[in-house]
Amino acid sequence: MFSPRTIILTAFGLMLAGTSSAMKVPESLLLNSVAESIALPMYTWSANGTHQAKGYKTQQADVNNAKGLHEDCENINLNRKLATNFRSDVLGPGVIGFFYKCEKISDDTNLYWFTISSGEKSQIDQLCDPNQTYPIVYDQQHDTWFIDEPFDCTQRTSPSISV
Ligand SMILES: *[C@@H]1O[C@H](CO)[C@@H](O)[C@H](O)[C@H]1NC(C)=O
Ligand SMILES: *[C@@H]1O[C@H](CO)[C@@H](O)[C@H](O)[C@H]1NC(C)=O
């Protein structure tokens, strides 16, 4: 049942109207191409949920960056975002994050919906730890300093066979 495409199917399944189960998504040149391009492992641990991020104009996190927050949200809602080596500074390499929905919840904070995947269970455990903290990072695309709040994992999946 688990192929390299599994997580991508799950992620994209959320966006496909009328698709109740990710496994019903037909063979897809697109999803195969994405999985190949990001070298998605054969067996993955995954989680989905929501998390908040705060955006600032400076590394000292003293001035909100409403423009950067707005642009990041708009970009995700229009284009989605697939982040390879997501937060490798904290989690180590190989975590793939898919961000597919965003809402502004206050002047300095966005709420993001994510599905995340890795070939290492420990990385998903760490990401889903409500006490995990993340150093402030600079996003060049939006000229914004972001602080990721802990990730609230609502559902987790493991490979169906032991590896
Ligand atoms: C997580 O995945 C489950 C199963 O596909 C879905 O029902 C749920 O809405 C998802 N949660 C979030 C926050 O996206
Ligand atoms: C998070 O930290 C609090 C306070 O130190 C502690 O009580 C709690 O058990 C921790 N939670 C986890 C999941 O480690």
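All of the points below concern the structure found in this document. (Residues numbered from 1 in each chain as written. Chains lettered and ligands numbered in written order. Predicted model: local features only at pLDDT ≥ 70, side-chain atom pairs only at ≥ 80, totals over all residues. Heavy atoms only, no water.)

With that out of the way, let us pick up the site of ligand 1. In the vicinity of ligand 1, the residues found are N48, G49, Y100, W113, T154 and Q155. Between an oxygen atom of ligand 1 and a side-chain N or O atom of N48, the distance comes to 2.2 Å. At 2.8 Å, a side-chain N or O of Y100 approaches an oxygen atom of ligand 1. When ligand 1 sits alone it has 360 Å² of accessible area, and the protein chains cover 56% of it. Only β1 (45-56) and β6 (144-157) provide two or more residues apiece to the shell around ligand 1. (Near = heavy atom within 4 Å. Polar contact = N/O pair within 3.5 Å; in protein donor to acceptor, adjacent residues only side chain to side chain. Areas by Shrake-Rupley, 256 points an atom, 1.4 Å probe, with all protein chains shown as cover. Helix = DSSP H or I, 4+ residues; strand = E, 2+ residues; numbered from the N terminus.)

Moving on: the state of the cysteines. Scanning all chains against the criterion turns up 2 disulfides. Each sulfur in the disulfide pair C73 and C102 lies 1.9 Å from the other. One disulfide, between C73 and C102, carries an S-S torsion of -85° and so falls in the left-handed class. With C73 in helix α3 (residues 66-79) and C102 in strand β3 (residues 96-106), the pair connects residues that are 29 residues apart, well separated along the chain. We note that C73, like C102, is buried. A sulfur-sulfur distance of 2.0 Å marks the disulfide that ties C128 to C153. Here the S-S torsion is close to -85°, and the disulfide linking C128 with C153 is therefore left-handed. One end of the pair, C128, is in helix α5 (residues 121-128); the other, C153, is in strand β6, and 25 residues separate them in sequence. Here the bonded cysteines of the chain are numbered in sequence order, and their pairing is 1-2, 3-4. (Disulfide = S-S within 2.5 Å. Buried < 20%, exposed > 50% of the residue type's maximum accessible area, 1.4 Å probe, protein only.)

Purely spatial values, then, with no claim about function.
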